[in-house]
Amino acid sequence: MRKKSMVNVAYELLLKKQNPQSFNNFWKEVSEIMGLEKSQADDMISEFYTHLSMDERFVLLEDNHWDLRDKHKFDKVHIDMNDAYSEIEEEEKEIELEAEEENYDDDYLDEDEDDEDDEDDDLDDDLDDDLEDDEEEDEDY
């Protein structure tokens, strides 16, 4: 007899359930049915989540609850990809604006530092001129 996969066990379990299941409780039941020890279950939890996400028979609902897609109307579980992409684009625009603001602040600070360096150079030139004048006066005596 062939051993069932985790997602097939999960599918059969959800067929029997009336309501969507929270992921943690759902995983606990699946791992018990599979006869996994705690350490094995801990090692396999992310793999199970990935398989659920990729298997079109399952649907992720609010608050990390899972159910069978067939039990839900299309409009409840359908994600309009245009909405998803527009949210991503908005986030990218915000990130770009923040980066531009940071660059502006950096450029402004750099200009201030350049101005200070120019002022220091001017002071050095003035001191050099004063020293030369003093030397010339000393030669006159």
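Right above here is the structure, for reference.
Definitions and limits used
Residues numbered from 1 in each chain as written. Predicted model: local features only at pLDDT ≥ 70, side-chain atom pairs only at ≥ 80, totals over all residues. Heavy atoms only, no water. Helix = DSSP H or I, 4+ residues; strand = E, 2+ residues; numbered from the N terminus. Buried < 20%, exposed > 50% of the residue type's maximum accessible area, 1.4 Å probe, protein only. Contact = heavy atoms within 4.5 Å. Areas by Shrake-Rupley, 256 points an atom, 1.4 Å probe, with all protein chains shown as cover. Expected span 1.5 Å × (residues − 1). Pairing = 2+ DSSP bridges. Phe/Tyr/Trp six-rings, centres within 6.5 Å; stacked < 30°, edge-to-face > 60°. Lys NZ or Arg CZ within 6 Å of the ring centre and 35° of its normal.

### Looking at the overall build of the protein chain
Counting its secondary structure elements, the protein chain contains five helices and three strands. Secondary structure elements of the protein chain, listed N to C terminal, follow the sequence α-β-α-α-β-β-α-α. With 141 residues in all, the protein chain has 18% of them scored as buried. Summarising the internal contacts of the protein chain: among those between residues at least 6 apart in sequence, 50% fall at separations of at least 24. Summed over all atoms, the accessible surface of the protein chain reaches about 11,800 Å², with 45% contributed by carbon and sulfur.

### Topic: helix α2 (residues 23-34)
In this model, α2 (twelve residues) spans 16 Å end to end at C-alpha, consistent with the 16 Å of a helix rising 1.5 Å per residue. Each element contacted by the buried residues of α2 is listed here: α1 (6-16), β1 (21-22), α3 (38-54) and β3 (65-68). One or two positions beyond α2, positive phi appears at G35, with a value near 75°.

### Some thoughts on the pairing of strand β2 (residues 58-61)
Sheet topology note: the β2/β3 ladder contains four bridges and is antiparallel. Residue pairing in the sheet places V59 in a bridge with D67 of β3. What sits between β2 and β3 in their antiparallel hairpin is a turn of three residues, with D63 showing a positive phi close to 55°.

### Details of the packing of aromatic side chains
Both the distance between ring centres and the angle between the ring planes are used here to describe each pair of aromatic rings. All told, the structure shown has six aromatic pairs when counted by the stated rule. Taking the centre distance of 4.6 Å and the plane angle of 35° together, the rings of W27 and F48 count as tilted. With W27 in helix α2 and F48 in helix α3, this residue pair connects regions lying 21 residues apart in the sequence. The ring centre of Y11 lies 4.7 Å from the NZ or CZ of R57, which sits over that ring.

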